[in-house]
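Structure at a glance
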Amino acid sequence: MNNYSVGRIGILGAGGYAGRELLRILAAHPRATIAWATSESEAGTPLSELVHGATGPALVRAADADLAACDCVISCLPHGESAKWMERAHAAGVRAIDLSADLRVPGEATPQWAREAVYGLPELHRERIAGARLIANPGCYPTAATLALAPLFRRGLTAGPVIINAASGVSGAGRSPKRELLFAEVAEGFSAYAAGNIHRHLAEMRSQAAALSEGAAPDLVFTPHLLPVRRGILETIYVPLHVPLAGDPASLWLDDYAGEPFVQVFSGGRLPSLADVVQTNRVAIGVTAVRDVSSPMLIVVAAIDNLRKGAAGQAVQNLNLMFGWPETEALL
Ligand SMILES: NC(=O)C1=CN([C@@H]2O[C@H](COP(=O)(O)OP(=O)(O)OC[C@H]3O[C@@H](n4cnc5c(N)ncnc54)[C@H](OP(=O)(O)O)[C@@H]3O)[C@@H](O)[C@H]2O)C=CC1
Ligand SMILES: CC(=O)N[C@@H](CCC(=O)OP(=O)(O)O)C(=O)O
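Residues numbered from 1 in each chain as written. Chains lettered and ligands numbered in written order. Predicted model: local features only at pLDDT ≥ 70, side-chain atom pairs only at ≥ 80, totals over all residues.

**Overview of the sheet that holds strand 5 (residues 118-119)**
Read from one edge to the other, the open sheet built from six strands follows the order 2-1-3-4-6-5, with strand pairing classed as parallel. Both outer strands of the open sheet, strand 2 (32-37) and strand 5, are each paired with one neighbouring strand and no more. Along the sheet, helix 3 (residues 82-91) contacts strand 1 (7-12), strand 3 (72-75), strand 4 (95-98) and strand 6 (134-136); its crossing angle with strand 4, the most-contacted strand, is approximately 165°. Relative to the sheet, helix 10 (residues 308-322) contacts strand 3, strand 4 and strand 6, its axis offset from that of strand 4 by approximately 160°. (Pairing = 2+ DSSP bridges. Helix = DSSP H or I, 4+ residues; strand = E, 2+ residues; numbered from the N terminus. Contact = placed C-beta atoms within 7 Å. Axes fitted to C-alpha atoms, helices over the stretch in contact; angles between N-to-C directions.)

**What about the site of ligand 1?**
By nearness alone, 31 residues border ligand 1, and Gly-13, Gly-15, Gly-16, Gly-174 and Arg-175 come closest of all. When residues of the shell around ligand 1 are traced back to their parent elements, those giving at least two are helix 1 (17-26) and helix 10. Looking at the shell around ligand 1, the element that brings in the most residues is helix 1, giving three residues. Residue classes in the shell around ligand 1 are distributed as 11 nonpolar, 16 polar and four charged. Two domains each put at least three residues into the shell around ligand 1: domain 1 (7-137 + 311-323) and domain 2 (140-304). (Near = placed C-beta within 6 Å. Nonpolar A, V, L, I, M, F, W, Y, C, P; charged D, E, K, R; others polar. Domains from an automatic or database assignment.)

**Here we look at the UniProt feature "domain: Semialdehyde dehydrogenase NAD-binding" (unreviewed entry) in the chain**
Following the UniProt record, the feature "domain: Semialdehyde dehydrogenase NAD-binding" (unreviewed entry) maps to residues 8-132 here. Along residues 8-132 one finds 30% helix and 17% strand; the C-alpha atoms at either end are 17 Å apart. (UniProt positions renumbered as here; feature names shortened; annotations may be inferred.)

**Description of the domain arrangement of the chain**
By domain assignment, the chain separates into domain 1 (7-137 + 311-323) and domain 2 (140-304). Centre-to-centre, using C-alpha coordinates, domain 1 lies 26 Å away from domain 2. Contact with domain 1, which involves 12 residues of that partner, is made by 17 residues of domain 2. Put simply, the parts of the chain that give the side of domain 1 that touches domain 2 at least two residues each are helix 5 (122-130) and helix 10. The leading source of residues in the side of domain 1 that touches domain 2 is helix 10, at four residues. Taken together, the residues of the side of domain 1 that touches domain 2 sort by class into six nonpolar, four polar and two charged.

**Some details on the nonpolar core**
Residues Ile-11, Leu-22, Leu-149, Ile-285, Val-300 and Ala-302 are the most contacted members of the largest nonpolar core, which totals 96 residues. When residues in this core are grouped by element, the largest group, 10 residues, is from helix 6 (residues 140-154). Both domain 1 (7-137 + 311-323) and domain 2 (140-304) contribute no fewer than three residues apiece to this core. Residue contacts for Leu-149: discarding those within four places in its chain leaves Val-162, Ala-209, Ile-237 and Val-300. (Core = buried A, V, L, I, M, F, W, Y, C linked by C-beta atoms within 7 Å. Buried ≥ 20, exposed ≤ 12 C-beta atoms within 10 Å, placed from the backbone.)

**A closer look at the UniProt feature "active site" (unreviewed entry) in the chain**
Annotation from UniProt places "active site" (unreviewed entry) at Cys-140. One can find Cys-140 in helix 6. Overall, the presence of 29 C-beta atoms within 10 Å leaves Cys-140 in the buried class. Setting aside anything within four residues of it in sequence, one finds Cys-140 in contact with Ser-168, Gly-172, Ile-233, Ile-304, Asn-306, Gly-310 and Ala-311.

**Structural notes on the sheet that holds strand 13 (residues 297-304)**
With mixed pairing, seven strands are arranged side by side in an open sheet as 8-9-7-10-13-12-11. Among the strands making up the open sheet, the edge pair consists of strand 8 (191-192) and strand 11 (263-265). Pairing between strand 7 (residues 162-168) and strand 9 (residues 220-226): seven bridges, direction parallel. Directly across from Ile-164, in strand 9, lies its bridge partner Phe-222.

Here is the structure:
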């Protein structure tokens, strides 16, 4: 039974960037109340001091959180730390949404309880999310890449390696102190990292590409970059095609995403910028054919806010679906 009129939400890791964004969104949610929220360094701080307008008990340490006192636990804990809490929530019979990467790509060693996790990309898996007890909220880079590429993968149109060049704002790296993220290190710079297909998001992108593709999924080459803005991800994706597409290639995306409340498709070759999506739960997608090359190629550009559609906004979209609430509640 999915129809709760009100849901009590517990937030693990509310002191981080994703957790604060979640508190901000839920403060405007008419059906969600905060049962408890955790922070190790801010325990005892009133919620309203962390996020203006947030209501609920003061922050507690994770060890003091009463999992059973809520209807849904949302974890904004780091990878590695999150899974054990998700297992506890599952054992307590409480629904859960995990923002970390821990449950997104099951492997041979994944225990049975974790295999129940549904990959929480609503535009692709809406029906399964609505019936789920456990959600693996997608990664920020994979959210943009998968939504950008799904219309091509579904139709088997790609003819070779798909090259995904992505840039993320600094909040994508979390709030914990890291020397390489100091202002003087990143300001006015722009650099690639984890190049050569070594980023952990590749496994997630590949698993969604394989699920969408007829036959073998194309190779992906993924290079993330650090962009010195606070938030936002922009991905420029190069896609070799078997045959050129007739007319405006954006028509595929317009057809596939017609009626989607959080997908904005640009036509006529217009491409999105971060300004189109920052502070929203939307993905904005533009597409253009590449001229003067010997074999057909498209460029697809996708933009999201890493903390909204890439994390907390998507988590609330999943929460709304799980509880039978309007999918757009608190997100428009
Ligand atoms: N930032 C982003 O754009 C995105 C993040 N994510 C994922 O969401 C999760 C949160 O990310 P983000 O908010 O950026 O991370 P932050 O580092 O900003 O926040 C992490 C939170 O977890 C708490 N925490 C850290 N270690 C422990 C521990 N051992 N026990 C209990 N609590 C702990 C921190 O406590 P304290 O309050 O004391 O610091 C903080 O509240 C991560 O798994 C991340 O990969 C997913 C998509 C996008
Ligand atoms: C700029 C930056 O450092 N970004 C992070 C993405 C963090 C993130 O969102 O992690 P998950 O989606 O896997 O939870 C990174 O590349 O590791």
